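# Descriptive structure summary
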Amino acid sequence: FGGAWAIWRQADRSRGVTAHLRALQTALTIEQVMTEDLASSVLVGASPVGVDEKQPDTLSLYVLAEDHPQVNPVGVRAVFYDREPGTNYLRRQSAGKSEPIGGSPLTSLAFYPFRAPTGPMLRVTMTVGRDPTDPEAARPFVYSFLTRLTVGRPVRGIDTQILHDFAKTELRPAHPLESP
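The sections below set out a description of the structure shown in this document. Computed from a prediction, not measured in an experiment: that's the story for all the values here.

The secondary structure content of the chain amounts to one helix and 10 strands. Mapped from its N terminus to its C terminus, the chain presents α and β elements in the order α-β-β-β-β-β-β-β-β-β-β. Restricting to contacts in the chain with at least 6 residues of sequence separation, those with at least 24 account for 54%. As displayed, the chain offers around 10,700 Å² of accessible surface, 54% of which is attributable to carbon and sulfur atoms.

What follows is the structure in structure tokens.
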């Protein structure tokens, strides 16, 4: 019985390590996808990103449409991030498509855009939770990253054409960023 107990404990510990690694991989995947979108973001309106104060786990922005052949006007698409109801996986919605990001659900997510002395910034803080199949020992994993919003001022003479907009107009980035 003692040998069986030791083997079971070791297997349970191994599952906990695997769950922790899956949570870290989810956080890093989310950071990579969001950083890529933010690097190609376009200023359409007063702010490069939109976050609803009542729902800080949502983020909206416009990104360059790489498949748009024209230089002027520049083609842009709306991108919206939120947690998928029911599963709590982060999802990215754009051009009528919705895709989950990562392999673990999020128990919390918050976006904090602000204007720093060096320019607009975004802090993303998330808690990556356990999958229902993970052992009880697998604790939630808190991860945060800070990224610069690379959006500059609109260039005179170059217009934007919104190829795919937000389903709800209130999701558009509208409010200028405040200093911290």
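As enumerated under the stated definition, the model contains four salt bridges in all. Notably, a salt bridge pairs Arg-83 with Asp-57, separated by 3.4 Å at the nearest N-O pair. Here Asp-57 lies in strand β3 (residues 55–64) and Arg-83 lies in strand β4 (residues 74–83), a separation of 26 residues in the sequence. The shortest N-O distance in the salt bridge between Glu-99 and Arg-92 comes to 3.7 Å.

A few words on the pairing of strand β7 (residues 106–116). As paired strands, β7 and strand β8 (residues 119–128) are joined by 10 bridges and run antiparallel to one another. In the strand pairing of β8, Ala-110 is matched with Thr-125.

Moving on: the nonpolar core. Judged by nonpolar contacts, the single largest core of 24 residues is most densely connected at Met-34, Leu-59, Leu-61, Tyr-81, Phe-111, Val-124 and Met-126. Elements supplying a minimum of two residues to this core: α1 (2–39), β3, β4, β7, β8 and β9 (141–148). In this view, Met-126 contacts Ala-27, Ile-30, Leu-106, Ser-108, Leu-109, Phe-141, Val-142, Tyr-143 and Phe-145; residues no more than four positions away in its chain are not counted. Within the second largest apolar cluster, seven residues are counted, among which are Val-42, Tyr-62, Val-76 and Ala-78.

Within the secondary structure, Asp-159 sits in the loop between β9 and β10 (160–164). Each C-alpha atom, one on Asp-159 and one on Gly-75, is 8.8 Å from the other, the two residues being 84 residues apart in sequence. Among all residues touching Asp-159, those that are not within four sequence positions of it are Asn-72, Pro-73 and Val-74.

A separate point is the environment of Gly-129. Looking at the element boundaries, Gly-129 is found in the loop between β8 and β9. Counting along the chain gives 11 residues from Gly-129 to Pro-140, while the straight-line C-alpha distance between them is 4.5 Å.

This next bit is on the packing of aromatic side chains. Overall, the coordinates contain three aromatic pairs when judged by the stated rule. Here the aromatic residues Phe-141, Tyr-143 and Phe-145 are joined through ring pairs into a cluster of three or more.

Taken in spatial order, the three strands line up as β7-β8-β9 in an open sheet, and their pairing is antiparallel. What marks the edges here is a single partner per strand, and that holds for β7 and β9. Adjacent strand axes in the sheet meet at a mean angle of 10°, parallel and antiparallel pairs treated alike.

Its identity is not glycine, yet Asn-88 carries a phi of approximately 65°, on the positive side. Within the fold, Asn-88 resides in the loop between β4 and β5 (90–94). Accessibility expressed as a relative area gives 32% for Asn-88, which makes it partly exposed. One non-glycine residue, Ala-95, adopts positive backbone phi at about 55°.

With that settled, consider the side chain of Ser-104. Within the secondary structure layout, Ser-104 lies in the loop between β6 (97–101) and β7. Judged by its relative accessible area of 2%, Ser-104 falls in the buried class. With residues up to four places along the chain from it excluded, the contact list for Ser-104 reads Arg-22, Ala-23, Thr-26, Tyr-89, Val-128 and Gly-129.

Rules used in this analysis
Every chain begins its residue count from 1, and numbering advances along the sequence as written. Under the rules for a predicted model, residues below a pLDDT of 70 receive no local features and side-chain atom pairs below 80 are neither given nor counted, while totals for whole chains, interfaces and linings still include all residues. Each side-chain value is worked out from all heavy atoms of the structure, with water and hydrogens disregarded. Secondary structure counts use DSSP, requiring at least four H or I residues in a row for a helix and at least two E residues in a row for a strand, with both numbered from the N terminus. The contact criterion used is simple: two residues touch if any of their non-hydrogen atoms lie within 4.5 Å. The accessible surface values rely on the Shrake-Rupley method and a 1.4 Å probe; as for residues, cover is taken only from the protein chains in view. Should a side-chain nitrogen of Lys or Arg be within 4 Å of a carboxyl oxygen of Asp or Glu, the pair is scored as a salt bridge. Strands qualify as paired when DSSP identifies two bridges or more between them. Here, the term nonpolar core denotes a set of buried Ala, Val, Leu, Ile, Met, Phe, Trp, Tyr and Cys residues that are joined through side-chain atoms within 4.5 Å. Note on exposure labels: buried denotes an accessible area under 20% of the residue type's maximum, exposed denotes more than 50%, and partly exposed covers the range between, all computed with a 1.4 Å probe on protein chains only. Pairing of aromatic rings covers Phe, Tyr and Trp, the last through its six-membered ring, and needs centres within 6.5 Å; plane angles under 30 degrees mean stacked, over 60 mean edge-to-face, and all others mean tilted. Axis definition: a line fit to C-alpha positions, over the contact stretch in the case of helices; interaxial angles, taken between N-to-C directions, run 0 to 180 degrees.

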